[in-house]
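Chain and residue survey
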Amino acid sequence: MPSTPCPPPLLSVIVPTYNEADNLADLVGRVERTLSGLAWELIIVDDDSPDGTADRARTLAAADRRVRVLQRIGRRGLSSACIEGLLASSAPYLAVMDADLQHDETLLPDMLAALRSEDLDIVIGSRYVAGGGLGGWDERRRSMSRFAGNLGRRLIKADIKDPMSGFFMVRAEVFRRRVRRLSGVGFKILLDLFASGEPPLRFRELPYEFRVRQAGASKLDNAVLWEYLLMLIQKLLGPLIPLRFIAFSLIGGVGVGVHLLVLWLLFKGLGVSFLVGQAVATLVAMTSNFFLNNILTYRDMRLRGRALIWGWLSFVLACSVGALANVGIATYLFQAESYWVLSAIAGILVGAVWNYAVTAIYTWKRPKAGAA
Ligand code: GDD
Ligand code: MN
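Here the residue numbers are simple positions, counted from 1 along each chain's written sequence. Chain labels run from A onward and ligand labels from 1 onward, assigned in the order the entries are written. Note on the predicted model: pLDDT of at least 70 is required for a residue's local features to be given, and 80 or more for side-chain atom pairs to be given and counted; whole-chain, interface and lining totals, by contrast, use all residues. Neither water nor hydrogens contribute to the side-chain values; these are computed over all heavy atoms in the structure.

- Named according to an unreviewed UniProt entry, the protein chain is Glycosyltransferase family 2 protein originating from Thioalkalicoccus limnaeus.
- If you open the UniProt record of the protein chain and go to Subcellular location (unreviewed entry), you find "Membrane". UniProt positions are given in the numbering used here, feature names are shortened, and annotations may be inferred rather than shown by experiment.

Next comes the structure, spelled out in structure tokens:
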């Protein structure tokens, strides 16, 4: 005789975690109180936090089957964690909320009610509509959030007051329709959702007051800002351009600045010959590009120790060939009577693609499956 099935969840709350062990018990207790009477579940997506968050989460899950744990090994990322948690749910309504209690969980029932009763795709917890607030944020963090928000608003062309919010509830079918176009990098999953498809999402913002973090520390650092910039550029250029190539090209642009600066110092400042100045500037720019790429573009597979020296060597070699190809092609086109700017750009493009492709294979090799 088949047993009576357990009723399926109506609402899944996805909670990404990294080092949030001390917040989990409080979080689950609060969600349970707020959502009592509803068929809910809570999916904790942890990126193998060193503080044992996943084990703590499993202990809570062992006491209540509505709590589930998804532990990812060898990967990091707030957005990608949310996406995987969202995909692990079968509920028709999906919420994303932080683990550190900064998002006000008592807003969840209102969000659900709005989504169920109105013609909406998504409801956003907002700090910037009347009744909402930023809690204890200092002026620096406030203005950073405003600046990032303005950039984001421009990209998605929707008048969301709080586009940087990481607290929202969406219809499952709306999320699944867009999931393949998400870039999945960085912190800004909400912005990613809005920027990933047509027609525009029908949304409403509900106010809440951002709370002060009690336990643990924020993970928002400079790398997160950098990833935000990359995501914005990728959304503008289209999903076919790899994110790493965008990062690589931006750093290449910085390299041009470094090159000119070094050349100017040596040639104009110290009176070194142009040839020597140019050679030294090239090497310095390549080296700074290598380190910047190692820190930013390949953050997840950063070379260290001895591998760093070999990496640098292969990078310089690859980029030297790239520079030859650049000059060769530009000169050829120029001699074939192309406009000089177009010739130069074609050379730079070929050089950049070459450098990117070759260093991706030889400098930052992907570890073979199982080898790491
Ligand atoms: N799985 C996983 N992987 N979770 C992560 C990662 C990661 O790499 N990085 C951060 N988290 C989790 C944290 O554990 C926390 O639950 C949540 O994501 C937010 O991280 P915080 O470090 O607390 O971010 P914040 O408070 O600075 O940023 C908040 O404000 C932004 C608005 O300005 C977050 O609410 C963002 O979602 C929000 O967009
Ligand atoms: Mn936080």
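Now that the structure has been shown, the text picks up again.
**Topic: the overall build of the protein chain**
- A run of H or I in DSSP counts as a helix once it spans at least four residues, and a run of E counts as a strand once it spans at least two, with each numbered from the N terminus. Counting its secondary structure elements, the protein chain contains 12 helices and seven strands.
- Projected onto its principal axes, the C-alpha positions of the protein chain cover 80 × 45 × 45 Å.
- The rule is simple: take the accessible area with a 1.4 Å probe, protein chains only, and divide by the maximum for that residue type; under 20% is buried, over 50% is exposed, in between is partly exposed. Taken across its 372 residues, the protein chain has 45% of its residues classed as buried.
- In this description, contact between two residues means that some pair of their heavy atoms is separated by no more than 4.5 Å. Counted over contacts in the protein chain with a minimum sequence separation of 6, partners at least 24 positions apart contribute 74%.

**Regarding the sheet that holds strand β6 (residues 168-171)**
- When DSSP locates at least two bridges between a pair of strands, those strands are taken to pair. What the seven strands build is an open sheet, ordered β3-β2-β1-β4-β6-β5-β7; its pairing is mixed. Edge strands, defined here as strands with exactly one partner in the open sheet, are β3 (67-71) and β7 (203-207). Across the sheet, the axes of successive neighbouring strands diverge by a mean angle of 20 degrees, strand direction being ignored.
- Bridge count for strand β4 (residues 93-96) against β6 is four bridges, and the pairing is antiparallel. Its bridge partner lying in β6, Val96 is registered against Phe168.
- Helix α3 (residues 78-87) contacts β1 (11-17), β2 (40-46), β3 and β4 of the sheet and is inclined by roughly 150 degrees relative to β1.
- The sheet strands contacting helix α4 (residues 108-117) are β1, β4, β5 (122-126), β6 and β7, and the helix crosses β6 at an angle near 30 degrees. For every element, the axis is a line fit to its C-alpha atoms; helices are fit only across the contacting stretch, and the angle between N-to-C directions ranges from 0 to 180 degrees.

**Details of the coordination of the manganese ion (ligand 2)**
- In this analysis a donor is any N, O or S atom within 2.8 Å of a metal ion (3.2 Å for sodium, potassium and calcium), and since water is not included, sites may seem incomplete. Donor atoms from the polypeptide that coordinate the manganese ion (ligand 2) comprise Asp100 (OD) and Gln102 (OE1), at 1.9 to 2.0 Å from the metal. The burial state of Asp100 is the same as that of Gln102; both residues are buried.

**As for the layout of surface pockets**
- A cavity here means a set of 1 Å grid points, computed over protein atoms only, where a 1.4 Å probe fits but cannot escape. A pocket is an open set with protein on both sides within 12 Å along at least 5 of 7 lines, and lining residues have an atom within 4 Å of a point. Grid points are joined across faces, edges and corners, and a volume is the space filled by probe spheres set on the points. Of the pockets and cavities examined, the second largest pocket occupies roughly 830 Å³.
- Forming the walls of the second largest pocket are 24 residues, and the residues nearest its centre are Gly252, Val256, Ala323, Asn326 and Asn355.
- Of all elements in the fold, only α9 (243-269), α10 (274-297), α11 (306-335) and α12 (340-362) reach the threshold of two or more residues within the lining of the second largest pocket.
- The element best represented in the lining of the second largest pocket is α9, accounting for eight residues.
- Considering only residue class, the lining of the second largest pocket consists of 11 nonpolar, 13 polar and no charged. Under the convention adopted here, Pro, Cys and the residues Ala, Val, Leu, Ile, Met, Phe, Trp and Tyr are nonpolar, Asp, Glu, Lys and Arg are charged, and Gly plus all remaining residues are polar.

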